[in-house]
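# Structural overview
Below are the chains, spelled out letter by letter.
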Amino acid sequence: AQEPSPAAPPAVEVWCSNPAARVIYAALEPGTPASSEALTKAWKGPKGLRARLRTVKTGEELPLGGARRLQFTAAPTPRWPDTVATFDPQSGILFTSKLFSAHVATKTTGADEDATDVGLGFDEFGGDWRYFFDCMLAPMARPAARALTTLAPYVGDDPDASSGGAERPKSVAPGLTRLLLKFAEPFAGDKVHVPKPAKMSAIAPLHGPVVRSARNELVREYRVWVDAQVRSADDFSVAVIYASAYGNTSAMAQAIARGITKAGVAVEMLNCELSTNEEIEALIEKTDGFCIGAPTLGGHMPTPVSNALGVIVKESTREFPAGVFGSFGWSGEAVDLMEARLKDGGFDFAFSPIRCKFKPTQETLQICEESGTDLAQSVKKIRRKKQSEKTKQVSAGSSFGQSDTTAAVGRIVGSLCAVTAKKDDAQSAMLASWVSQASFNPPALTVAVAKERAVESFLLKGSNFNLNVLQAGNEKDTMKALLKPFKPGENRFGDMEVEISERNGCAIVTEALSYLECEVTERMECGDHWVVLATVREGKLLKEEGLTAIHHRKTGTSY
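Predicted, not measured: the structure shown is a model, and the values here were computed from it.

## Details of the packing of aromatic side chains
For any pair of aromatic rings, the description consists of the separation of the ring centres together with the inter-plane angle of the planes. Evaluation of the coordinates by the stated rule reveals ten aromatic pairs. Aromatic side chains Phe122 and Trp129 sit 5.5 Å apart centroid to centroid with 55° between the ring planes, which places their arrangement in the tilted category. Between Phe133 and Tyr222, the aromatic rings sit 5.3 Å apart at their centres with planes inclined by 75°, giving edge-to-face as the arrangement. Of this pair, Phe133 sits in helix H3 (residues 121-137) while Tyr222 sits in helix H7 (residues 215-235), and the two are 89 residues apart along the sequence. Considered together, Phe133 and Tyr222 belong to a single accessibility category, that of buried residues. Taken together, Phe100, Phe133, Tyr222 and Trp225 form an aromatic cluster joined through their ring pairs. When the ring centre of Phe236 is taken as origin, the NZ or CZ atom of Arg383, which lies over that ring, is 3.9 Å away. The ring centre of Trp530 lies 5.9 Å from the NZ or CZ of Lys451, which sits over that ring.

## Quick word on the sheet that holds strand E13 (residues 354-357)
Reading across from one edge, E10-E9-E11-E12-E13 is the order of the five strands in this open sheet, with parallel pairing throughout. Of all strands in the sheet, those bounded by a partner on one side alone are strand E10 (266-271) and E13. Sheet twist, expressed as the average angle between the axes of neighbouring strands with direction ignored, equals 15°. Here strand E11 (residues 290-293) runs beside strand E12 (residues 324-328); their pairing, made up of two bridges, is parallel. Residue Ile292 lies in a different strand from E12, and its bridge partner there is Val324. Relative to E12, helix H8 (residues 248-262) is tilted by about 150°, and along the sheet it contacts strand E9 (237-242), E10, E11, E12 and E13.

## Some details on the sheet that holds strand E8 (residues 202-205)
On the basis of which strands lie adjacent, the open sheet formed by five strands has the order E4-E5-E6-E7-E8 and mixed pairing. The open sheet terminates on both sides in strands that have one partner only, identified here as strand E4 (61-65) and E8. The sheet shows a mean angle of 20° between the axes of neighbouring strands, taken without regard to direction.

## Describing the pairing of E10
Burial runs high along E10: six of the six residues are buried. A two-sided burial pattern is seen for E10, the buried positions comprising Ala266, Glu268 and Leu270 on one face and Val267, Met269 and Asn271 on the other. As defined by bridge partners, E9 adjoins E10 across six bridges and the pair is classed as parallel. When the bridges of E10 are listed, Tyr242 appears paired with Asn271. Chirality of the crossover, the property in question, places the unit of E9, H8 and E10 among those that are right-handed.

## Thoughts on the packing of helix H10 (residues 303-315) against helix H11 (residues 333-344)
Contact pair H10 / H11: the axes reach a minimum separation of 10 Å and the direction vectors enclose 15°. As judged from the angle between their axes, H10 and H11 are roughly parallel. When the axes of H10 and H11 are compared, the crossing they make is right-handed. Across from Val305, Ser306, Leu309, Gly310, Ile312 and Val313 in H10, the residues of H11 making contact are Met338, Arg341 and Leu342. Among the residues making up the contact of H10 with H11, the classes are represented as six nonpolar, two polar and one charged.

## Topic: the environment of Pro143
Along the chain, Pro143 turns up in helix H4 (residues 141-150). With relative accessibility at 11%, the residue Pro143 sits in the buried group. Here the alpha-carbon distance between Pro143 and Val230, two residues 87 residues apart in the chain, equals 10.0 Å. Aside from chain neighbours lying at most four places away, what touches Pro143 is Pro76, Thr77 and Pro78.

## Some points on the pairing of E13
Only one face of E13 is covered, namely the face carrying Ile354 and Cys356; the face carrying Arg355 and Lys357 is uncovered. As judged from the four bridges shared by E12 and E13, these two strands associate in the parallel manner. Residue pairing in the sheet places Phe325 in a bridge with Ile354 of E13. Handedness of the crossover is the feature at issue here: the chain leaves E12, passes through H11, returns alongside E13, and the resulting connection is right-handed.

## Comments concerning a nonpolar patch on the surface
A cluster of nonpolar residues, Val14, Ile24 and Leu28, forms a patch on the protein surface that exposes about 210 Å² of accessible area. Within the fold, Ile24 resides in helix H1 (residues 18-28). According to the relative accessible area criterion, Ile24 is partly exposed, its value standing at 31%.

Parameters and conventions
Residues numbered from 1 in each chain as written. Predicted model: local features only at pLDDT ≥ 70, side-chain atom pairs only at ≥ 80, totals over all residues. Heavy atoms only, no water. Phe/Tyr/Trp six-rings, centres within 6.5 Å; stacked < 30°, edge-to-face > 60°. Helix = DSSP H or I, 4+ residues; strand = E, 2+ residues; numbered from the N terminus. Buried < 20%, exposed > 50% of the residue type's maximum accessible area, 1.4 Å probe, protein only. Lys NZ or Arg CZ within 6 Å of the ring centre and 35° of its normal. Pairing = 2+ DSSP bridges. Axes fitted to C-alpha atoms, helices over the stretch in contact; angles between N-to-C directions. Contact = heavy atoms within 4.5 Å. Right-handed = clockwise from strand over helix to strand, strands pointing away. Parallel < 35°, antiparallel > 145°, perpendicular 65-115°, else oblique. Left-handed = near helix turned anticlockwise from the far one by under 90°. Nonpolar A, V, L, I, M, F, W, Y, C, P; charged D, E, K, R; others polar. Patch = residues over 30% accessible without salt bridge, like charges linked within 9 Å, V, L, I, M, F, W, Y side chains within 5 Å. Areas by Shrake-Rupley, 256 points an atom, 1.4 Å probe, with all protein chains shown as cover. Salt bridge = Lys/Arg side-chain N within 4 Å of Asp/Glu carboxyl O.

The following block contains the structure:
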């Protein structure tokens, strides 16, 4: 007798947020509307395997067997609308996706604490956490603030205290992958009785270390950073509106936003594919200046971008500047169409249109960042013209109350130097006078860099740069070359005579008195500047005779 056919195995369920389910569905069923019923349908794959999407909402749980389960909390942002944070009550681990991430690698030797911050904490990773926040989350501070609020049941100020001082679980494997694999272990029903901690014991983001020892401090700092950005946005901000087909235009938008925030201006980012005309109108009414970006699809801009432009042309004031950008695969008409429509509408532009073919390179992203800074500076300049003298001083961040004090601070002198740096295929440079030796052994120095300087993002922890000490009487050409206004992406060296170091790839000013090849070891935030501490790796005296060029000032409120 013929054996009966085996029953079809149950469909594998993919648990995700509704935005993520729609993206997956669109890839599997292009051109088909993603209804609620359609999203639950099972697809047949190779060898008859089936899969089904399961959309989750805040508060829902996934039982894993026995007493173990996962709890879900939606934490969307404009760039990552599909984000869902996952909490494992048994281990106390909170998986936060992009929140609390850092772009650093962790060890994978198998030791229990290799993938965590234990023994390192904020001293080691604080700068990396801050830089990730500044680049990725500061431009979307309001959604980030909402995400922190939704995660409040887990990220309290003192998780250990609220959980009764319970000892951290010791059975958790290091590394995010191994942590996830741990969830797949079978459990023996009623034999498993694990007390549920009231708060988290660790934060496991997508990038960087699993945060254990510094989790409380990191959460508190996130709140401080987010609050500062929201307060800044309440004062005034610039809108970055975009749509992105493959993530390339989104990356450009993020770099532009980073440039805006570097200049001390808040950003309101909006993905117009996920927004209504009413939301776009509300954003335009409360922001000073904007830029808009789009990919080119079939020789046109996407419909949501066209609709957004209609709202902008109708509602936006012509007083503040604008900008356009976009990526493309073949022709790139969208950028030209956006530019023409805004020009016809009477808008001025803070930067030239930015076009990128396929994926943006580091050089392109640097152009985007510098363009964002130009846009922010244009907005600040217009606002300053409208303010009183007292308001000007406050907005400039001046903490001086008396002219005698400013004159006294201005008598601090510094050596004139040219800082040159390289990141991937991009080069940058600036004139520096706030330079000082910091250590004899190892030889080290500090350089103060204004936050809005283009070179600032080249001087992160672990980065290399050259400090070219200028010679008195021979410094004017270098000063002239570095002090002139630069367009985004323009060659910073101009007519300067430079050579490229074989050791670190950074430029050497051949007319300098000496040069030092340095590596950034620490960064400290100091008001409107970053103070960079660097170890000197190599150095050379280029001219035996000569004195260092010195910069004298009359006031302490400017260079």
